[in-house]
Each structure stands twice: as structure tokens, then as C-alpha cells.
Amino acid sequence: MIAWTIYVTFAGAIVVLFMPRVLSQWIALVTTIAGFVVSLVAFFQIRIVDLAHFTTIVRVPWVPALGMNYHLALDGISLTLILVTGLAAVSAVLFSWDVEYRPNEFFFWLLLVVGASYGVFLSADLFLLFLFYELVIVPKYFLIAIFGSTNKEYGAMKLTLYSFFGGMLVFLGIIAAYVTSGS
């Protein structure tokens, strides 16, 4: 059930793009509230004993030749981070309520960041974690470059380049771990 936080948020992002400007804020709010409610329900449904170990939610072969799976799992830390992400997402939409310049695009990028953040915290496969982590970079760039304040293009490019090069180092570490582990 908690995997729906990712799916609902990405679906809400797509819907926001095609709706009238007046509805974009409301769709973003409903989407983030839905993600928060799903995480809240999961928080109270999972027994405390299970929080010390990973509980697999979804496991589907992704790239079987390389041993990569679409593997989402949950433990106590990730459950807490999902809950905090949901609360922060609802707060971000409410604090951005008065965005008048391209609101559909703003809430689209915001919901992509939120959905990818959910994915980061639920990923149990290293390559999937890396994919969700890198997926956050693109919407962050557009949020800062389009909707930022002073020197926004410079700040967006600097953050993107640092994140990209840091991600490359992480990717090299993932490849090294994969090669040395033999699987």
C-alpha cells in the first residue's frame, strides 16, 4: 500500500500539467494529502516488531541479466522518512499556494520531486535508489531556474552540476560494489 505514495504522486504530476491553472493548486494539494494519508495509514498499520527489519512491498525483476529488481521495501527509518516527506509535501503546496507564474509547471516539478523522494526512501535495490535519486535532480533544476529569486540560473546550474558529479561518484561506487560482490 505504501508504494502508492510514489504512483499517486507521479500520476498527480501528470494530471496537473493538463488541468486549468485554477485547479493545479487543488490537484497538487489533494495529491500530496493522499500521499501523506497513505503514509500515515501505513505508519499505524505496521507492527512495531516489524520495523527493525526490511519488509518487502514490491519485488519485480527489472533488468534480470544484471540482477536488478524493482524492489521497494520498508523499515522503521524509511517509514518515518516517508511520513516526514508527506508532511513536508503538503506544507510545500500550502506555502506555494500564491504562485501565479506558471502554476501548472511549478506544481508538476514539485510533485516530481516529492514522488522521486518517496522512491528514494522506499528503494531496496541500489540501482533503483540511484535512479530515484537522479530523478530528483531534474525537477530541482527547473524549480530553481524558473521560480527562484536572485541569480537563479547560476544557482540552479551549480546545484545540478554538483549533484550530477556527486551522482557519478556514487554510480562508480555502485558499479564497484556490484563487481566485487559478484551479483
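For the structure, see preceding data.
Keep in mind that what you see is a predicted model, and the values were worked out from it rather than measured.

Conventions we followed
Residues numbered from 1 in each chain as written. Predicted model: local features only at pLDDT ≥ 70, side-chain atom pairs only at ≥ 80, totals over all residues. Heavy atoms only, no water. Helix = DSSP H or I, 4+ residues; strand = E, 2+ residues; numbered from the N terminus. Rg over C-alpha atoms; globule rule 2.2 N^0.38 Å. Buried < 20%, exposed > 50% of the residue type's maximum accessible area, 1.4 Å probe, protein only. Contact = heavy atoms within 4.5 Å. Areas by Shrake-Rupley, 256 points an atom, 1.4 Å probe, with all protein chains shown as cover. Lys, Arg positive; Asp, Glu negative; His and termini not counted. Charge placed at Lys NZ, Arg CZ, Asp CG, Glu CD. Phe/Tyr/Trp six-rings, centres within 6.5 Å; stacked < 30°, edge-to-face > 60°. Pairing = 2+ DSSP bridges. Patch = residues over 30% accessible without salt bridge, like charges linked within 9 Å, V, L, I, M, F, W, Y side chains within 5 Å. Salt bridge = Lys/Arg side-chain N within 4 Å of Asp/Glu carboxyl O. Polar contact = N/O pair within 3.5 Å; in protein donor to acceptor, adjacent residues only side chain to side chain. Axes fitted to C-alpha atoms, helices over the stretch in contact; angles between N-to-C directions. Parallel < 35°, antiparallel > 145°, perpendicular 65-115°, else oblique. Left-handed = near helix turned anticlockwise from the far one by under 90°. Nonpolar A, V, L, I, M, F, W, Y, C, P; charged D, E, K, R; others polar.

A. Inspection of the overall build of the chain at higher detail. Helix and strand counts for the chain come out as six helices and two strands. Written out in order from the N terminus, the α and β elements of the chain read α-α-β-β-α-α-α-α. For 183 residues, the compact-globule estimate of 2.2 N^0.38 gives 16 Å, and the C-alpha radius of gyration of the chain, at 17 Å, lies within 12% of that figure. Across its three principal axes, the chain shows a C-alpha extent of roughly 50 × 40 × 25 Å. Across the 183 residues in the chain, those meeting the buried criterion constitute 42%. Long-range contacts, defined as pairs at least 24 residues apart, comprise 71% of the intrachain contacts of the chain with a sequence gap of at least 6. Element-wise, carbon and sulfur atoms account for 75% of the exposed surface of the chain, whose accessible area totals about 10,200 Å². Averaged over its 7 positive side-chain charges, the chain has a centre that lies 2 Å from the centre of its 8 negative ones.

B. Representation of the packing of aromatic side chains in the model. Applying the stated rule across the entire model yields 13 aromatic pairs. For the pair Phe127 and Phe171, a centre-to-centre distance of 6.5 Å together with 70° between the ring planes defines the contact as edge-to-face. Within this pair, whereas Phe127 is found in helix α5 (residues 126–147), its partner Phe171 is found in helix α6 (residues 152–181), the two being separated by 44 residues in sequence. Looking at Phe171, the relative accessible area reads 33%, which means it is partly exposed. The structure contains a cluster of three or more aromatic residues connected by ring pairs, namely Tyr101, Phe106, Phe107 and Phe147.

C. Expanded view of the pairing of strand β2 (residues 68–74). Buried residues dominate β2, accounting for seven of its seven residues. Of the two faces of β2, the one carrying Met68, Tyr70, Leu72 and Leu74 and the one carrying Asn69, His71 and Ala73 are both buried. Bridge count for strand β1 (residues 55–63) against β2 is seven bridges, and the pairing is antiparallel. Residue pairing for β2: Val60 is matched across the bridge by Tyr70.

D. Inspection of a nonpolar patch on the surface at higher detail. Taken together, the side chains of Met157, Leu161, Phe164, Phe165 and Met168 make up a nonpolar region of the molecular surface, amounting to roughly 470 Å² of accessible area. Summarising the element assignment, Met157 is placed in helix α6.

E. Structural context of the side chain of Ser39. Among the secondary structure elements, Ser39 is positioned in helix α2 (residues 21–45). Within polar-contact distance, the side chain of Ser39 engages the backbone oxygen of Phe36 at 2.7 Å.

F. Quick peek at the pattern of salt bridges. Taken as a whole and judged by the stated rule, the model has one salt bridge. Here Glu105 makes a salt bridge to Arg102, at a shortest N to O gap of 2.6 Å. Given a relative accessible area of 36%, Arg102 falls into the partly exposed group.

G. How the structure looks around the side chain of Glu105. Examined against the element boundaries, Glu105 turns out to sit in helix α4 (residues 103–122). Residue Glu105 is classed as buried on the basis of its relative accessible area, which comes to 19%.

H. Broad picture of the packing of helix α1 (residues 4–18) against α4. Running from amino to carboxyl end, α1 crosses α4 at an angle of 165°, the nearest separation of the two axes being 8 Å. One way to sum up the angle between α1 and α4 is to call them roughly antiparallel. Every pair of crossing elements has a handedness; the one defined by α1 and α4 is left-handed. Across from Thr5, Ile6, Thr9, Phe10, Gly12, Ala13, Ile14, Val16 and Leu17 in α1, the residues of α4 making contact are Asn104, Phe107, Phe108, Leu111, Leu112, Val114, Gly115, Ala116, Tyr118, Gly119 and Leu122. When grouped by side-chain class, the residues that make up the contact of α1 with α4 number 14 nonpolar, six polar and no charged.

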